[in-house]
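Commentary on secondary and tertiary structure
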Amino acid sequence: MSDEIRWAFAHPSERAAATAEGTPLDRISLRDHIVEVEIGAFQAERGTTQRICFNVVVEVTPPDNILDDDVDTILSYDKVTEAIAHELAEERLNLLETLAEKLADRILLEPQAVRVFVRIEKLDRGPGALGVEIVRARKDTTPRRIASDKPHPQVVYLSNAAIASDNLGAWIDQLEAGHRPTIICVGPADTPAPQAGHKLAQRRIDLLAIEQNAWVLAGRDARCVVVNSRTELDWSMRHDQISVWAPSKIVLDAVDGPSASPRDALGLVLWFARFMEAADMLVIGAALPDAPDLPLRAVATDVRVI
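A quick note: this is a predicted structure, and the numbers were derived from the prediction, not measured.

Basis of the calculations
Residues numbered from 1 in each chain as written. Predicted model: local features only at pLDDT ≥ 70, side-chain atom pairs only at ≥ 80, totals over all residues. Heavy atoms only, no water. Core = buried A, V, L, I, M, F, W, Y, C linked by side-chain atoms within 4.5 Å. Buried < 20%, exposed > 50% of the residue type's maximum accessible area, 1.4 Å probe, protein only. Helix = DSSP H or I, 4+ residues; strand = E, 2+ residues; numbered from the N terminus. Contact = heavy atoms within 4.5 Å. Salt bridge = Lys/Arg side-chain N within 4 Å of Asp/Glu carboxyl O.

**Let's talk about the nonpolar core**
Counting residues in hydrophobic clusters, the biggest one holds 47 residues, and the most contacted among them are Leu 158, Ile 184, Leu 217, Trp 245, Phe 272 and Met 281. Among the elements that take part in this core, helix H10 (residues 265–275) stands out by supplying eight residues, more than any other. Leave out the neighbours within four places in its chain, and Leu 158 touches Ile 163, Leu 168, Ile 184, Cys 185, Val 186, Gly 187, Leu 217 and Ile 284. In this structure, Ile 39, Ala 104, Ile 107 and Val 118 belong to the second largest nonpolar core, which totals 29 residues.

Dropping the structure here:
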């Protein structure tokens, strides 16, 4: 059996390895991801769902500092599953070929992606799996205008009085019921933070003080999940999870970092809201800051309804 035939029937990951030119690129893979969806050109395929199996291999440029163990430097596996979900939700398709092409295009929008192998199979249309496999490289694709699906969250600032309030659960209930991408921010606790004699050391201490308070909030309501990376924030917003921002990583990694000190909690949160391109900002238990470029709302700690 020739190599071409063997590769044709091999898993996309084996084919990717066999057809790599020069120094092989790093690869991430998604295997046997099964989704029930309505798809197909035949009348019998309309008005009913069938199982579709996805196998995807993405060749990526190696990260510069993988030993930093930083999720924001790599192409997250979630980007692949989210690309599948997005294309399936965008419109009903007749052809697996169209779906494969759209999926490859979307994955290749990721800056780390160089080449992608997509195999899609129908599992319920015959005695075996019926499918299509395509290979696309960044240079082979015709740019397609894809609407941005980046979430624009509401950023919610909770004062220490709000965190301690008996109304906390009711506020979280209403934020959850709104089904909007939501990120909660807090400041440091009222307890004074340790003092260091070095400016940068003090900055880290003050950021950690905010993170300690974020964990206090998470301890009061399990729906509040403490998150520190942009990748996990994006994932949380797309999966209807309420996040609590732990600021150290994003603040310290930012090229154009905040001018506000961590002790200026609202100033830091305003910087973060702009960094995340927030739709609006809600302040509970504190006075509104001056931010004419961002829609702002305020709620007192003794008010139950947002």
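**Examining the pattern of salt bridges**
Inspection of every chain in the model, using the stated rule, returns 18 salt bridges. The salt bridge partner of Arg 115 is Glu 59, with a shortest N-O separation of 2.8 Å. Linking Arg 115 in strand S3 (residues 113–122) with Glu 59 in strand S2 (residues 50–60), this pair joins segments that are 56 residues apart in sequence. The same class applies to Arg 115 as to Glu 59, namely buried. Residues Arg 136 and Glu 101 are paired through a salt bridge, measuring 2.8 Å at the closest nitrogen-oxygen approach. One end of the pair, Arg 136, is in strand S4 (residues 130–137); the other, Glu 101, is in helix H4 (residues 96–107), with 35 residues separating them in the sequence. The class for Arg 136 is partly exposed, based on a relative accessible area of 22%. Taking the relative accessible area as the measure of exposure, Glu 101 reaches 29% and is therefore partly exposed.

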